Amino acid sequence: MISSMKLWISDKEVQTHRLVRFSIDENKGYRYLGDLSDNEIKACLNEIKNDLDLDKNLDKIKYFGYLHLFMDTTTQDLSV
């Protein structure tokens, strides 16, 4: 049996940083990302930041019900 999880996302980018928030509960200002399998969630995380520990961050979403990713855009180019 393949499990899936409903996810909502908020993605804010300004000149100095990008903040991406995931939640398993509907939140104001978040958009529905979908009912995703573990592999689909990992692929989404990898698209956002390709050096993440995908298993660890997936476990955080499952345990806490949310995940916040902060990326400093002054030290890396996220436009690639």
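Residues numbered from 1 in each chain as written. Predicted model: local features only at pLDDT ≥ 70, side-chain atom pairs only at ≥ 80, totals over all residues. Heavy atoms only, no water.

1. Topic: helix α1 (residues 38-48)
All of the buried residues along α1 are Ile 41, Cys 44, Leu 45 and Ile 48. For α1, the arc enclosing every buried residue in end-on projection is 100 degrees, short of the 170-degree limit, so these residues lie on one face. Along α1, the residues that are exposed and aim more than 90 degrees away from the buried face are Asn 39 and Glu 47. In this structure, the buried residues of α1 make contact with β1 (4-13), β2 (17-23), β3 (31-37), α2 (54-64) and β4 (66-72). (Buried < 20%, exposed > 50% of the residue type's maximum accessible area, 1.4 Å probe, protein only. Helix = DSSP H or I, 4+ residues; strand = E, 2+ residues; numbered from the N terminus. Arc of directions from axis to C-beta. Contact = heavy atoms within 4.5 Å.)

2. Overview of a nonpolar patch on the surface
Residues Tyr 63, Phe 64 and Tyr 66 make up a contiguous nonpolar surface patch of about 410 Å² in total accessible area. Residue position: Tyr 66 is located in strand β4. (Patch = residues over 30% accessible without salt bridge, like charges linked within 9 Å, V, L, I, M, F, W, Y side chains within 5 Å. Areas by Shrake-Rupley, 256 points an atom, 1.4 Å probe, with all protein chains shown as cover. Salt bridge = Lys/Arg side-chain N within 4 Å of Asp/Glu carboxyl O.)

3. Some words on the nonpolar core
If you look at the biggest cluster of nonpolar residues, it comprises 16 residues, and the most contacted ones within it are Phe 22, Ile 41, Ile 48 and Leu 69. For this core, the secondary-structure elements that each account for two or more residues are β1, β2, α1, α2 and β4. Ranked by residues supplied to this core, first place goes to α1 with 4 residues. What Ile 48 contacts, discounting residues up to four positions off in sequence, is Ile 9, Arg 18, Val 20, Phe 22, Leu 69 and Met 71. (Core = buried A, V, L, I, M, F, W, Y, C linked by side-chain atoms within 4.5 Å.)

4. Looking at the packing of α1 against α2
As a packed pair, α1 and α2 sit with axes 10 Å apart at the nearest point and diverge in direction by 115 degrees. Classed by the angle they form, the pair α1 and α2 counts as roughly perpendicular. Pair α1 / α2 crosses with right-handed handedness. Residues Asp 38, Ile 41, Lys 42, Leu 45 and Asn 46 of α1 pack against Leu 54, Asp 55, Asn 57, Leu 58, Ile 61 and Lys 62 of α2. Class assignment of the residues belonging to the contact of α1 with α2 gives a composition of 5 nonpolar, 2 polar and 4 charged. (Axes fitted to C-alpha atoms, helices over the stretch in contact; angles between N-to-C directions. Parallel < 35°, antiparallel > 145°, perpendicular 65-115°, else oblique. Left-handed = near helix turned anticlockwise from the far one by under 90°. Nonpolar A, V, L, I, M, F, W, Y, C, P; charged D, E, K, R; others polar.)

5. Re the environment of Lys 12
With respect to the helices and strands, the residue Lys 12 is situated in strand β1. Look at Lys 12 and you get exposed, because its relative accessible area is 52%. Considering only alpha carbons, one finds Lys 12 and Phe 70, 58 residues apart in sequence, at a separation of 9.9 Å. Dropping the residues within four chain positions of it, Lys 12 is found in contact with His 17, Arg 18 and Leu 19.

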